[in-house]
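So you can see what is in the structure, the chains are spelled out below.
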Amino acid sequence: MTTLSCNPARYGGVVEFRSYSAEKVSDSKRLSVLCSTRCKLLLPRKNFGDRSLRDSTLEKAALNGTKSSRSSNLSVSSGGYDGYVIGCEGDVGGVAEDGSFSKILIPGLPDESNGEFGAPISSCFWEWKPKLYVHYEKAGSENAKSPPVLFLPGFGVGSFHYEKQLKDLGRDFRVWALDFLGQGMSLPCEDPTLQLEGEEDDDAESSKDSMWGFGEETEPWANKLVYSADLWQDQVRYFVEEVIGEPVYIAGNSLGGYVALCFAACNPQLVKGVTLLNATPFWGFLPNPIRSPRLAKVFPWAGTFPLPARVRKIVKLLWQKISDPESIAEVLKQVYADHSTNVDKVFARILETTEHPAAAASFASIMFAPQGNLSFKQALSQCQEQDVPVCLVYGKEDPWVTPIWGLLVKRRIPDAPYYEISPAGHCPHDEVPEVVNYLLRGWIKSLETEGLIPLPLLDGSQVPQHGVVRRDMEFVREGVKKSVNVRFVEWKFMLWKRIGSFFESRFEKAKLKSSI
């Protein structure tokens, strides 16, 4: 298969075709290509104005300078979102019977060294309740008519984990990313507990200045405060209603995916679609007092402040190990499949968070908080019943939430597009943001146009008989060309195909018996 390489700039640039060249000129809306075979190109619609690419002068480009005397016409498979190139004729429609698949060149992230600038990011605080300040970041506020997109973080991280989405997707959409209470920069601004006079023990005396939440009484504002999935779900609801002010596309990684799904199930009127990025299918170790009231009584402490005396020493010992820089580095090594990925910023921000005086007690509250009122399975069912669009994007090499969990979700919601990226681990949005942003852009635009723009990887073509589409996606990062494989699975098609094959084989057997 012939492949192309290109400058990932969104407007203008040069595309090289082996020993020939193709010059893309955005202002003249022309593309001249020199080639000797029939090719299909996938280019951004916006670079060519409002007209469809199929109607543009691109298809009528003259092909000159070829060694062959045959005339070759260009055809464009799709201009729905920012993809650049698909391979030669025959590759675009899907996977060939021999298992080969085409290659798509997609834009890289904004590269300031090449004069490309991402959307500016603003850091903000919102006081949800007295003393409960929620930190969030936003980008793309000037895109007033574009859809709003909200990102929810995984456990132990915050809005900083979505910097690559804010800078890139913020050029097209209005984008927010928030920190859950008890995490990131949404940790409390003062100690949620009081240390009573004359009741300090040696342990409390040595830690009262360095660790919050280890006092003897709860401050009024922290009464019944528990950093639980239900609290975060309420936090997201009020954030959407009071800060964003309209229904959103919501995406979450790991824990954030769990919260996003539960939020969508309980508030479908506030959700335009949900994207699960290696979403954890469960959260919480202790039983929920509503779903399992008797069992919940067995556990007298469920994450409230202050921490009981019997828990404090355990938490301190455990926190010493968890917050150790070597431990953090080891965890990042586990969850990122490509160890060449630069995680210095993520590492620094996680380490900074662990140094907050409320970090240890907040961690204990999260770990001992009861399970949510809604299970992951129940949330899936409710989203399906209420026709909430769901998109699944999973890193194949995730050691924690393996792809089987994503396929199980796909099985329960057959209409949900399922994309599996390899190599990619637990945090595909940070490890391969170019690919995740491409998929999110395409999925949102497909929904916004009610299917007029096809889903990513399909490009208007039919799903092959085996129900799987594979594409190599190539992009440039910091001057280095990188490539990953993306697999699209159409479960519903595969299911009906199997059912049809079953009845067809039975019919053939019956026919054979009757002829004997």
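Looking up the protein chain in an unreviewed UniProt entry gives the name AB hydrolase-1 domain-containing protein, with the organism given as Trapa incisa.

K.L.:
An account of helix α3 (residues 229-244) is needed here, citing residue identities and associated values.
P.N.:
With 16 residues, α3 should reach 22 Å at 1.5 Å per residue; the first-to-last C-alpha distance of 21 Å fits that figure. All of the buried residues in α3 are A229, D230, L231, W232, Q233, Q235, V236, F239, V240 and I244. G245 lies just past α3 and shows a positive phi near 85°.

K.L.:
Just give me the short version of the pattern of salt bridges, but keep the residues and values in it.
P.N.:
Counting across every chain of the model gives 18 salt bridges. E190 is the salt-bridge partner of K131, the closest N and O atoms lying 3.1 Å from each other. Remark: E190 occurs in the loop between β12 (174-178) and β13 (193-194) and K131 occurs in the loop between β9 (122-129) and β10 (132-139); sequence separation between them is 59 residues. Among the residues examined, K131 registers a relative accessible area of 31% and is labelled partly exposed. With a shortest N-O distance of 3.3 Å, D338 and K482 are connected by a salt bridge. Separated by 144 residues along the polypeptide, D338 in the loop between α7 (325-335) and α8 (344-354) and K482 in strand β20 (residues 480-489) bring together distant segments of the chain. A single salt-bridge network, built from bridges that share partners, covers D168, R171, D172 and R441.

K.L.:
Describe the pairing of β9, with residues and values.
P.N.:
In terms of strand pairing, β9 meets β10 through 7 bridges, oriented antiparallel. Among the inter-strand pairings, W126 is bridged to a residue of β10, identified as V134. Where β9 folds back onto β10 in an antiparallel hairpin, the turn is made up of 2 residues, including K131, whose phi is positive at roughly 75°.

K.L.:
Tell me about empty space enclosed by the protein, and name the residues and values.
P.N.:
For the structure shown, the criterion picks out 4 cavities of 30 Å³ or more. Lining the largest cavity are 10 residues, with P107, D168, E434, Y438 and R441 positioned closest to its centre. When residues in the lining of the largest cavity are grouped by element, the largest group, 4 residues, is from helix α13 (residues 433-448).

K.L.:
Now, about the packing of aromatic side chains: what can you tell me, with residues and values included?
P.N.:
Per the counting criterion, the structure on display carries 16 aromatic pairs. Where W126 meets F239, the ring centres are 5.6 Å apart and the plane angle is 70°; that geometry is what we call edge-to-face. Placement of W126 in strand β9 and of F239 in helix α3 is noted, with a sequence separation of 113 residues between them. For W126, a relative accessible area of 10% puts it in the buried group. Ring geometry for Y258 and F376: centres 6.3 Å apart, planes at 15°, overall stacked. Of this pair, Y258 sits in helix α4 (residues 255-266) while F376 sits in helix α10 (residues 376-385); the two residues are 118 residues apart in sequence, bridging distant segments of the chain. Residue classification places Y258 among the buried positions, given a relative accessible area of 3%. We classify F376 as buried; its relative accessible area is 7%.

K.L.:
So what about helix α11 (residues 403-412)? Which residues, and what values?
P.N.:
If you check which residues of α11 are buried, you get P403, G406, L407, V409 and K410. Angularly, the buried residues of α11 cover 155° about the axis, an arc narrow enough to put them on a single face.

K.L.:
Can you lay out unusual backbone geometry for me, pointing to particular residues and giving the numbers?
P.N.:
Here the bond from F305 into P306 is cis, since omega is 0°, no more than 30 degrees from zero. Within the element layout of this structure, P306 appears in the loop between α5 (293-296) and α6 (309-322). With an omega dihedral of 0°, the bond running from S422 to P423 counts as a cis peptide bond. With respect to the helices and strands, the residue P423 is situated in the loop between β18 (418-422) and α12 (428-431). With phi around 75°, K131 is a residue other than glycine that occupies positive phi space. For L457, which is not glycine, the phi torsion reads 85° and is therefore positive. Here L457 lies in the loop between α13 and β19 (468-477).

K.L.:
I'd like a rundown of the nonpolar core, residues and numbers included.
P.N.:
In terms of nonpolar packing, the biggest core is built from 70 residues, with L150, L152, W232, V236, I250, L276 and L307 touching the most fellow members. If we skip the residues at most four places from it in the chain, L307 touches G213, F214, W301, R312, V315, A361 and A364.

Scoring rules and cut-offs
Residues numbered from 1 in each chain as written. Predicted model: local features only at pLDDT ≥ 70, side-chain atom pairs only at ≥ 80, totals over all residues. Heavy atoms only, no water. Helix = DSSP H or I, 4+ residues; strand = E, 2+ residues; numbered from the N terminus. Expected span 1.5 Å × (residues − 1). Buried < 20%, exposed > 50% of the residue type's maximum accessible area, 1.4 Å probe, protein only. Salt bridge = Lys/Arg side-chain N within 4 Å of Asp/Glu carboxyl O. Pairing = 2+ DSSP bridges. 1 Å grid on protein atoms, 1.4 Å probe; cavity = no way out; pocket = protein on both sides within 12 Å on 5 of 7 lines; lining within 4 Å. Points joined across faces, edges and corners; volume = space filled by probe spheres on them. Phe/Tyr/Trp six-rings, centres within 6.5 Å; stacked < 30°, edge-to-face > 60°. Arc of directions from axis to C-beta. Core = buried A, V, L, I, M, F, W, Y, C linked by side-chain atoms within 4.5 Å. Contact = heavy atoms within 4.5 Å.

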